Amino acid sequence: MSQYLAREPDNNGLVNYSIEENQTWEFLYHRQMDIIHGKACDEYIKGLEILSLSENKVPQLPDVNRALRKATGWEVAAVPALIPFGKFFELLANKQFPAATFIRRKEDIDYLQEPDIFHEIYGHCPLLTDPVFAHFVHNYGKIGLHASKQERVYLARIFWFTVEFGLIQQANGLRIYGAGILSSKGETVYSLESNKPERKPFDLMTALRTPYRIDIYQTIYFIIKQFEDIYHAMDSSIISKIHEAIELGDFKPTFPPKPQSQSNKKMDSHDC
Ligand SMILES: [Fe+2]
């Protein structure tokens, strides 16, 4: 059950955010902008320039959509909160990226389990201005739309290890493209600098067989060389590869089992 309620846009698609909500955006925006240079990939930085998001107010979707449509024909679609898989794939297949319009409260400033508008707009939208990446997500949506419930679980792993937590090797070094990382101060640093996680070359079959936990810093990151790598992985053979992965079975988890009693909050210990 969501702790948050989405903000209802008016007839012009605008949301009347409070002073506190705008302050939260401003704080998160500047906190990330202070650390992402030299960490986020070139296409992400270029995407931020293309979108030129407002710094001190929660961006309005019509403004974001004007820039996105011009770049790749994509747009952001306001959704109530977490949506079912079917709706998720349907939107992506229509070049619409779902975004809940609420922003986290101050007590959740470092982490919340469900994606808020800061994660969706600041984390995901810059790369949707990149034609190859946008095409990959579009293909992903179209394939997911026709996939079975079981196949979708494996497709979710691809999304997790790429769109959410992907790394990319670029000429100027290892960089981040995953939105789940780029919208988190702690994981932006941890994903590149910590000696705890495993970082390995992206391999479709390996990623399909790798379980993950959503409430901790990732224990494995997959590295691509270019967005064409994942674009080509999302071709018509993906469903048969999923069934091959199911046959082969999962790798042993590299993360501890979730303690029953612990709250879901991810302790942002890396900042202290
Ligand atoms: Fe996300």
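Coordinates for the structure precede this section.
Residues numbered from 1 in each chain as written. Predicted model: local features only at pLDDT ≥ 70, side-chain atom pairs only at ≥ 80, totals over all residues. Heavy atoms only, no water.

(A) Broad picture of the overall build of the protein chain. Along its length, the protein chain carries twelve helices and six strands. The principal-axis extents of the C-alpha atoms in the protein chain amount to approximately 50 × 40 × 40 Å. Residue burial in the protein chain is summarised as follows: out of 272 residues, 54% are buried. For the protein chain, contacts bridging at least 24 residues in sequence account for 68% of all contacts bridging at least 6. (Helix = DSSP H or I, 4+ residues; strand = E, 2+ residues; numbered from the N terminus. Buried < 20%, exposed > 50% of the residue type's maximum accessible area, 1.4 Å probe, protein only. Contact = heavy atoms within 4.5 Å.)

(B) Inspection of the sheet that holds strand 3 (residues 167-170) at higher detail. In space, the four strands of this open sheet follow the order 4-3-6-5, with mixed pairing throughout. At either end of the open sheet lies a strand with only one pairing partner, and these are strand 4 (173-176) and strand 5 (198-201). Sheet twist, expressed as the average angle between the axes of neighbouring strands with direction ignored, equals 35°. Strand direction decides the pairing type here: strand 3 and strand 6 (residues 220-224), joined by two bridges, are parallel. (Pairing = 2+ DSSP bridges. Axes fitted to C-alpha atoms, helices over the stretch in contact; angles between N-to-C directions.)

(C) Representation of the pairing of strand 6. Buried residues dominate strand 6, accounting for five of its five residues. Residues of strand 6 alternate between two faces, with Ile 220, Phe 222 and Ile 224 on one and Tyr 221 and Ile 223 on the opposite face, all of them buried. The pairing of strand 5 with strand 6 spans four bridges and is parallel. Within strand 6, the position partnered with Lys 200 by the bridge is Phe 222.

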